[in-house]
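Listed below, chain by chain, are the residues.
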Amino acid sequence: MGQERSTLKIALIGNPNCGKTSVFNRLTGLQQKVGNFPGVTVEKKAGQWNLPDGRQALLIDFPGTYSFYPTSKDEKIVVQTLANPSDDNYPDLIIYVADVVKLEKHLLLFTQIKDLGIPSVLALNMADVAEQDGIEVDTEQLAHQLDTTVISISGRTGFGIDKLSDFVVNQSANTSHTSNSVYSHTSEETTLVQNLEPNFSSFSAYQRLLLGHHYPWLPFLTQSQRGTIAKVVEDLNFKTLPAQVHETMQRYDTFTPIAQSSISRKSSKREKFTDRVDNLLTHRIFCPLLFFLLMLLVFQSIFTFASYPMDGIDFFFGYLTEQTKAILPAGWFSDLLTDGLLAGLGGVLIFIPQIAILFLLISILEEVGYMARAAFMFDRLMQAFGLNGRSIVALISGGACAIPAVMSTRTIGNWKERLITILVTPFISCSARIPVYTVLIAFAVPSNYVFGIFNLQGLAFMGLYILGIIAALGAAFVLKIILKSQDASFLMLELPEYRMPVARNVVLTVWDKVKTFTVEAGQVILVISLLLWVLSSYGPNRAMQEARTETQQIVTAQGLDQEAAADLLASRKLEASYAGHLGKFMEPAITPLGFDWKIGIALITSFAAREVFVGTMATIYSIGSTDDEFSIKNRMSEEVNPATGEKVYNTATSWSLLVFYVFAMQCMSTLAVVKRETHSWKWPTIQFFMMSGLAYVSSLIVYQWLA
Amino acid sequence: MSTVVASNHQNSPIDTLRKGQMGIISHFSDDQMATKLMAMGVLPGSVVTVIRSAPFGGGFYVKIDTMVIALRKQEARCIILK
């Protein structure tokens with residue numbers, strides 16, 4: 001029993017596009033956990049695999065990689081885990097997944113894996129496709145010549161999965177394993193491996209060779225270990241790049257004949273199908289056109305279709321709040337539960353429809369094989385701004401909501417390009433800005449027509465959107481210059497063949513995204529919204545007391561009805577609250593922008609979400625809990641500055657406020673998601689100051705220029 | 001295949017191939033790109049066909065043996081033909 005106490009750790013490794021994810025989903029189902037590899041922002045998917053003998057194994061899905069000579073963070077993770085026997089994720093067994101259709105290409109990494117000295121099995125995936133394509137593999141001969149176990153499987157249909165499970169059960173009972181390598185070290189490499197043995201005796205020969213190649217960046221080495229290796233490498237004058245080329249060529253020379261003699265293939269129909277589809281889908285004119293049509297569909301879906309379930313969630317929480325208020329006695333507990341907790345919870349769940357819809361569509365496009373092509377098409381254009389071809393999806397979906405957009409950047413391999421995409425996406429005007437724009441544009445621009453067809457307000461609306469796009473691309477360009485990156489940027493993208501999407505994979509992606517958002521970003525959103533609730537409903541005791549007595553006096557003096565009295569009390573209480581004090585406190589800082597303390601309060605409360613601006617305006621001007629933009633507009637237009645006697649919402653202030661809302665990071669949920677995606681508070685903090693700083697300066701310029 | 005192997009592209013990189021033209025890889029002019037390309041299965045001796053060059057003057061979309069790969073211009077430039 002002693003041996004079974006520690007869970008069996010199994011690594012799933014393979015080239016990109018080998019169908020590893022399908023295998024992983026098939027083996028673990030819903031029992032997956034998405035985390036990160038220690039110290040880096042590389043996604044680690046681990047899942048529980050229930051073996052036929054009743055035991056549970058931990059299956060770790062490693063990023064797809066082509067060889068042990070990595071260039072990106074994702075690929076480095078594979079090397080740094082497998083080259084370090086004391087790593088937490090060091091597996092007891094490796095399942096190597098290879099696409100049988102591309103066996104000659106996918107064996108390179110397998111022969112390297114096999115040399116590590118970790119027990120391994122070669123799983124030939126896509127057995128179903130191979131059969132359709134008339135590909136036959138002599139697995140026995142392949143197993144014999146490569147000196148390994150070979151199992152034909154299909155992650156899509158489930159074929160052979162039982163055999164794989166049986167193998168794992170038997171293998172873990174009997175771990176003695178020695179096998180021959182297809183690669184024989186050069187004399188230089190042999191000496192290197194020997195010289196490293198005294199200091200790295202727990203490492204296998206090939207692991208020591210990898211130390212010699214990668215010691216400058218391997219994070220688990222101590223400074224003195226690094227020095228030891230550096231000395232051995234320098235004494236031998238061992239050059240990593242030529243050695244890599246030599247090793248790779250040698251391996252190909254050995255296993256290519258083996259692979260070719262074990263496989264017989266007739267001409268593939270699937271390949272021709274892919275060629276034909278590609279002719280159409282990557283066409284110079286047709287391709288960008290189709291892409292924008294697809295993106296329009298994605299955009300429309302997040303924008304329009306999501307609004308129904310969102311309204312439902314909104315209604316449900318409204319109902320729940322009403323009922324709770326009716327049942328519980330009025331007081332702080334009822335307020336905390338409804339205005340604090342329920343409001344916060346609703347604020348988290350409201351994003352789920354948008355996230356689910358975006359990832360449903362994106363993962364279908366990804367599964368089909370379209371996304372890789374779109375990334376290729378826009379690579380050049382996006383490169384100019386330090387972005388990646390795949391960034392275009394985030395930027396476009398950011399027009400609906402930045403939260404799913406930021407989450408969609410996972411597929412960008414290069415960390416710097418991904419980070420820039422995350423940082424600039426919230427500049428794109430999202431749907432939450434629309435209510436703010438609609439209310440304010442009326443004050444900034446007259447509703448006149450130019451050339452008889454263009455409504456000035458409509459043009460201004462469009463201008464604000466364009467301003468957001470310019471800010472996003474401009475910021476990306478600046479960040480491209482500022483941010484440092486050690487990783488070289490490559491495209492070198494293998495384009496997968498077109499395939500029918502697997503429903504299981506699509507559903508699991510959507511489930512995973514929704515769960516991650518709700519659990520991880522949701523916590524942060526809930527905490528901030530509780531904090532904002534405290535700020536806007538509590539204040540210094542005396543001030544709050546005064547607000548109550550004053551309201552009482554006014555109500556009696558003017559004989560206000562119950563509703564008007566409640567509205568007035570809400571307005572006075574907000575003014576007396578900590579948020580009100582904060583608004584007054586920051587008034588000197590925002591006066592040069594043309595804002596008064598009332599707008600200051602709205603800036604604070606709308607940090608929860610931009611559209612809250614409208615609701616706060618309603619409360620401040622004591623027109624109650626109405627969301628009617630028209631009545632708010634009317635009331636705001638009457639507002640007069642008591643000091644100057646001029647209208648508060650004049651053209652200058654309105655433009656200044658509009659520009660502020662285009663740029664400012666007024667969305668705690670986005671910050672929470674950015675924190676989740678970058679795994680530190682550093683980047684959301686930088687993002688907040690970058691965006692809100694730009695907003696402040698721009699509003700200052702706009703107001704001073706117009707006023 | 002009906003496409004003819006371009007014979008006037010000796011020792012020139014694959015970005016000189018036009019759409020539909022074919023060539024055989026001789027070597028790579030950059031070691032780092034070479035390891036990466038070779039790991040993907042792009043080897044000396046592999047047959048390259050240019051399927052398309054990207055819009056906006058971007059990269060290349062090439063078929064190498066049985067797979068299709070997207071390359072940036074500078075990546076394509078380091079693949080030298082026989």
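Here the structure is shown first, and the text comes after it.
It should be emphasised that the depicted structure is a prediction, and the values quoted were computed from it without experimental measurement.

Peer 1: Any chance you could break down the overall build of chain B for me, citing the residues and the numbers?
Peer 2: On a plain count of helices and strands, chain B comes out with 2 helices and 5 strands. Going through the 82 residues of chain B one by one, you find that 61% of them count as buried. Put simply, of all contacts in chain B between residues at least 6 apart along the chain, 50% involve residues at least 24 apart. Split by element, the accessible area of chain B, about 3,300 Å² in all, is 51% carbon and sulfur.

Peer 1: Mind laying out the packing of helix 25 (residues 578-585) of chain A against helix 27 (residues 597-605) of chain A, listing which residues take part and the relevant values?
Peer 2: All names here are of chain A. Contact geometry for helix 25 and helix 27: axes closest at 8 Å, N-to-C directions at 120°. Judged on the interaxial angle alone, helix 27 and helix 25 are oblique. Crossing geometry of helix 25 relative to helix 27 is assigned as right-handed. Contact residues: Ala 579, Gly 580, Leu 582, Gly 583 and Lys 584 in helix 25; Trp 597, Gly 600, Ile 601 and Ile 604 in helix 27.

Peer 1: Before we move on, can you summarise helix 20 (residues 433-444) of chain A with the specific residues and values?
Peer 2: Counted at 1.5 Å a residue, the expected span for helix 20 of chain A with its 12 residues is 16 Å, and the 16 Å between its end C-alpha atoms agrees. Of all the residues in helix 20 of chain A, the buried ones are A:Arg433, A:Pro435, A:Val436, A:Tyr437, A:Val439, A:Leu440, A:Ile441, A:Phe443 and A:Ala444.

Peer 1: Help me get a handle on helix 13 (residues 307-327) of chain A, residues and values and all.
Peer 2: Residues and elements named next belong to chain A. With 21 residues, helix 13 should reach 30 Å at 1.5 Å per residue; the first-to-last C-alpha distance of 30 Å fits that figure. Within helix 13, the full set of buried residues consists of Met 310, Ile 313, Phe 317, Thr 321 and Thr 324. The buried residues of helix 13 occupy an angular sector of 70° when projected down its axis, which confines them to one face. Residues of helix 13 that are exposed and point over 90 degrees away from its buried face: Tyr 308, Phe 315, Glu 322, Ala 326 and Ile 327. Residues of helix 13 that are buried sit in contact with helix 14 (332-349) and helix 15 (352-368).

Peer 1: Outline the nonpolar core, supporting the account with residue identities and numerical values.
Peer 2: Residues A:Phe517 and A:Tyr649 are the most contacted members of the largest nonpolar core, which totals 122 residues. A total of 9 residues in this core trace back to one element, the largest contributor, which is helix 16 (residues 370-383) of chain A. Residues A:Ile135, A:Leu209, A:Phe490 and B:Met33 belong to the second largest nonpolar core, which totals 90 residues.

Peer 1: How would you explain the sheet that holds strand 2 (residues 32-36) of chain A if you had to name every residue and give the values?
Peer 2: Residues and elements named next belong to chain A. An order of 2-3-4-1-5-6-8 is seen for the 7 strands of this open sheet, with the pairing classed as mixed. Each having just a single partner strand, strand 2 and strand 8 (150-152) make up the two edges of the open sheet. Between one strand axis and the next, the sheet turns through 25° on average, direction left out of account. Pairing of strand 6 (residues 120-125) with strand 8, which is carried by 3 bridges, proceeds in the parallel orientation. Bridging from a neighbouring strand, Leu 122 pairs with Val 150 of strand 8. Against the sheet, helix 1 (residues 20-28) engages strand 1 (8-14), strand 2, strand 3 (43-50), strand 4 (56-61), strand 5 (93-99) and strand 6, with an angle of about 40° to strand 3.

Peer 1: Pulling in residues and values, what's your account of the pairing of strand 3 of chain A?
Peer 2: Residues and elements named next belong to chain A. Relative to strand 3, strand 2 runs antiparallel, the two sharing 5 bridges. Bridging across to strand 3, Val 34 finds its partner in Lys 45. In sequence, strand 2 turns back onto strand 3 through a hairpin of 6 residues, with Gly 39 there showing a positive phi of about 80°. As paired strands, strand 3 and strand 4 are joined by 6 bridges and run antiparallel to one another. Bridge pairing in strand 4 places Lys 45 opposite Asp 61. Here strand 3 folds back onto strand 4, and the loop between the two strands holds 5 residues, one of which, Gly 54, carries a positive phi near 90°.

Peer 1: Which residues make up the side chain of A:Gln80, and what values do they have?
Peer 2: All names here are of chain A. Turning to its location among the elements, Gln 80 is positioned in helix 2 (residues 73-82). Gln 80 sits in the buried class, given a relative accessible area of 13%. If we ignore the near neighbours within four places in the chain, the residues touching Gln 80 are Asp 87, Trp 217, Leu 218, Pro 219 and Phe 220.

Peer 1: Before we move on, can you summarise the interface of chain A and chain B with the specific residues and values?
Peer 2: Between chain A and chain B, the residue contacts involve 38 residues of the former and 32 residues of the latter. For the pairing of chain A and chain B, the buried interface totals around 3,500 Å² over both sides, and the portion due to carbon and sulfur atoms is 62%. Looking only at chain A, the three residues that lose the most surface to chain B are A:Lys105, A:Phe376 and A:Met492, adding up to 22% of its buried area. Taken together, the connections running from chain A to chain B amount to 3 salt bridges. Linking A:Asp379 and B:Arg72 is a salt bridge whose minimum nitrogen-to-oxygen distance equals 2.8 Å. Breaking the side of chain A that touches chain B down by element, the ones donating at least two residues are helix 3 (103-115), helix 10 (240-262), helix 11 (269-281), helix 16 and strand 12 (493-495) of chain A.

Peer 1: Requested: an account of the sheet that holds strand 4 (residues 67-71) of chain B, with residues and values cited.
Peer 2: In space, the 6 strands of this open sheet follow the order 12(A)-4(B)-3(B)-2(B)-1(B)-5(B), with antiparallel pairing throughout. Taken across any chain shown, the strands that pair with only one partner, and hence form the sheet edges, are strand 12 of chain A together with strand 5 (79-81) of chain B. Going from strand to strand, the sheet's axes swing by 45° on average, the running direction of each strand aside. Where strand 2 (residues 47-53) of chain B meets strand 3 (residues 60-64) of chain B, 5 bridges bridge the pair, whose relative direction is antiparallel.

Peer 1: Mind laying out the environment of A:Ala471, listing which residues take part and the relevant values?
Peer 2: Residues and elements named next belong to chain A. Positionally, Ala 471 belongs in helix 21 (residues 456-482). As a C-alpha pair, Ala 471 and Tyr 90 span 381 residues in sequence and 44 Å in three-dimensional space. If we skip the residues at most four places from it in the chain, Ala 471 touches Phe 427 and Phe 663.

Peer 1: Explain the side chain of A:Lys105 to me, and be specific about the residues and the numbers.
Peer 2: For A:Lys105, the location among the structural elements is in helix 3. At a separation of 2.8 Å, a polar atom in the side chain of A:Lys105 contacts the main-chain carbonyl oxygen of B:Gly41. Not counting residues up to four positions away in its chain, the partners in contact with A:Lys105 are A:Asn15, A:Tyr252, B:Ala39, B:Met40, B:Gly41, B:Asp65 and B:Met67.

About the thresholds
- Sequence order sets the numbering: in each chain, residues are counted from 1 along the sequence as written.
- Chains and ligands are labelled by the order in which they are written, letters from A for the one and numbers from 1 for the other.
- For this predicted model, a pLDDT threshold of at least 70 governs which residues receive local features, and a threshold of 80 or more governs which side-chain atom pairs are given and counted, while totals over whole chains, interfaces and linings are taken from all residues.
- Hydrogen atoms and water are omitted, and side-chain values are computed over all heavy atoms in the structure.
- Only DSSP runs of H or I with at least four residues qualify as helices, and only runs of E with at least two residues qualify as strands; both kinds are numbered from the N terminus onward.
- Burial classification: accessible surface area is computed with a 1.4 Å probe over protein chains only, and a residue below 20% of its type maximum counts as buried, one above 50% as exposed, and the rest as partly exposed.
- For this analysis, residues touch if any pair of their heavy atoms sits within 4.5 Å.
- Computed with the Shrake-Rupley method and a 1.4 Å probe, the accessible areas treat only the protein chains shown as cover for residues.
- Angles run from 0 to 180 degrees between N-to-C directions of axes, and those axes are lines fitted to C-alpha atoms, restricted for helices to the stretch in contact.
- Note on terminology: angles under 35 degrees are roughly parallel, angles over 145 are roughly antiparallel, angles of 65 to 115 are roughly perpendicular, and the others are oblique.
- Should the near helix be turned anticlockwise from the far one by less than a right angle, the crossing is termed left-handed; should it be turned clockwise, right-handed.
- What a helix should span is 1.5 Å times the count of its residues minus one.
- Note: the arc covers the axis-to-C-beta directions of the helix.
- Grouping buried Ala, Val, Leu, Ile, Met, Phe, Trp, Tyr and Cys residues that are joined through side-chain atoms within 4.5 Å yields what is termed a nonpolar core.
- Paired strands, in this sense, are two strands between which DSSP finds at least two bridges.
- What counts as buried area is the accessible surface, traced by a 1.4 Å probe, that two parts surrender upon association, with contributions from both included.
- Salt bridges are identified by distance alone: a Lys or Arg side-chain nitrogen within 4 Å of an Asp or Glu carboxyl oxygen.
- Two N or O atoms form a polar contact when they lie within 3.5 Å of each other; inside protein one atom must be a possible hydrogen donor and the other a possible acceptor, and for residues adjacent in sequence the pair counts only when both atoms belong to side chains.

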